[in-house]
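# Notes for the structure review
So you can see what is in the structure, the chains are spelled out below.
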Amino acid sequence: MSSFFVKYMYCLLAAMILGSILLLKIPAQAKEPDWAAEKYKEIDELVMAPGATTTVRLGFVNKGRYNWRRFGKNFVSLYTVKPKYHRSKFVDTTWLGPSQPAKLNTPLVAPNRLGYVEFNLKAPSKTGVYKETLALAAENRNWIPGGEVELTITVGKSDQAATAGSDQASAVDQQPLE
């Protein structure tokens, strides 16, 4: 074999070894999740009169790679959790089902954009403090991490609820997310 060929082979082998070492030392970049959410704003405790209805509007920022859609096979909606799919004590006739309050309001929410889910709660007749946990899901796909919200709802006498504030709870601002 010629000395040129041997030198070439040594250089090629050294480059392969060095390249392998460099690849091992380069940290892998964090993969952006396919589905993820971030609550836009926490909601304060809700106070309702027995049998009363109130509208709740929740904002979530899409932190995943995929668009959220209101329609289609993987539409985004809220479900009751803890335990999953339980029949809510606050189910309203406007709900999609006893464990599914509503779909996303907006037809499309791109990554890093803000989307809303709006639904009615109908208070039970029994007074007390209730907790209702809801979570975003991409239908037939998976739960959306970060899309869980726990509502604390006080069902009190009519005068308690009247002095507690408005008939609409909102976890949003009027300012658009930039």
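## Topic: unusual backbone geometry
Of note, the amide linkage connecting lysine 82 to proline 83 takes the cis form, showing an omega dihedral of 0°. In the Ramachandran plot, tyrosine 85 falls in the positive-phi region, its phi being about 60° despite a non-glycine side chain. With respect to the helices, strands and loops of the structure, tyrosine 85 is situated in the loop between β5 (76-81) and β6 (108-109). For asparagine 112, which is not glycine, the phi dihedral falls at a positive 65°. Turning to its location among the elements, asparagine 112 is positioned in the loop between β6 and β7 (114-122). Taking the relative accessible area as the measure of exposure, asparagine 112 reaches 44% and is therefore partly exposed.

## As for the environment of glycine 146
Within the element layout of this structure, glycine 146 appears in strand β9 (residues 142-155). Glycine 146 sits 110 residues away from alanine 36 along the chain, and the two C-alpha atoms are 6.0 Å apart. Residues in contact with glycine 146, not counting those within four places in the same chain, are Ala37, Glu38 and Lys39.

## Topic: the packing of aromatic side chains
In this description, an aromatic ring pair is defined by two values, namely the gap between the centres and the angle between the planes. Applying the stated criterion across every chain, the model contains six aromatic pairs. Aromatic side chains tryptophan 35 and tyrosine 66 sit 5.4 Å apart centroid to centroid with 65° between the ring planes, which places their arrangement in the edge-to-face category. Of this pair, tryptophan 35 sits in the loop between α1 (3-25) and β1 (37-39) while tyrosine 66 sits in the loop between β3 (53-62) and β4 (68-69), placing them 31 residues apart in sequence. Through a chain of ring-to-ring contacts, the aromatic side chains of Tyr79, Tyr85 and Trp143 assemble into a single cluster.

## Focus: the pairing of strand β8 (residues 128-138)
Most of β8 sits out of view: eight of its eleven residues are buried. In this structure, β5 lies alongside β8, joined through six bridges in antiparallel fashion. By the bridge assignment for β8, leucine 78 is matched with leucine 136.

## Brief notes about the sheet that holds strand β2 (residues 46-48)
Here four strands make up an open sheet; going across it, the order is β2-β9-β8-β5 and the pairing mixed. The open sheet terminates on both sides in strands that have one partner only, identified here as β2 and β5. Direction aside, neighbouring strands of the sheet carry axes that sit 35° apart on average.

## Here's the deal with the confidence of the model for the chain
A residue-level look at the chain finds 72% of positions with pLDDT of 70 or above and a mean pLDDT of 84. Confidence drops under a pLDDT of 50 for residues 161-168, and excluding neighbours within four residues, the segment shows eight contacts in the predicted structure.

## What about the pattern of salt bridges?
Within the structure shown, the criterion is met by five salt bridges. Between arginine 57 and glutamate 118 there is a salt bridge, and its shortest N-O distance comes to 3.7 Å. Placement of the pair is arginine 57 in strand β3 and glutamate 118 in strand β7, with a sequence separation of 61 residues. Here glutamate 118 falls in the partly exposed class, since its relative accessible area comes to 33%.

## Considering the nonpolar core
Counting residues in each nonpolar core, the largest one holds 29 residues, and the members touching the most others are Trp68, Phe119, Leu121 and Leu136. Listing elements by their share of this core, those giving two or more residues are β2, β3, β5, β7, β8 and β9. Looking at this core element by element, the count peaks at five residues for β9. Not counting residues within four places of it along the chain, the set of residues in contact with leucine 121 comprises Leu46, Met48, Ala52, Thr53, Thr54, Val56, Phe90, Trp95, Leu151 and Ile153.

Calculation notes
Residues numbered from 1 in each chain as written. Predicted model: local features only at pLDDT ≥ 70, side-chain atom pairs only at ≥ 80, totals over all residues. Heavy atoms only, no water. Helix = DSSP H or I, 4+ residues; strand = E, 2+ residues; numbered from the N terminus. Buried < 20%, exposed > 50% of the residue type's maximum accessible area, 1.4 Å probe, protein only. Contact = heavy atoms within 4.5 Å. Phe/Tyr/Trp six-rings, centres within 6.5 Å; stacked < 30°, edge-to-face > 60°. Pairing = 2+ DSSP bridges. Axes fitted to C-alpha atoms, helices over the stretch in contact; angles between N-to-C directions. pLDDT = per-residue confidence, 0-100. Salt bridge = Lys/Arg side-chain N within 4 Å of Asp/Glu carboxyl O. Core = buried A, V, L, I, M, F, W, Y, C linked by side-chain atoms within 4.5 Å.

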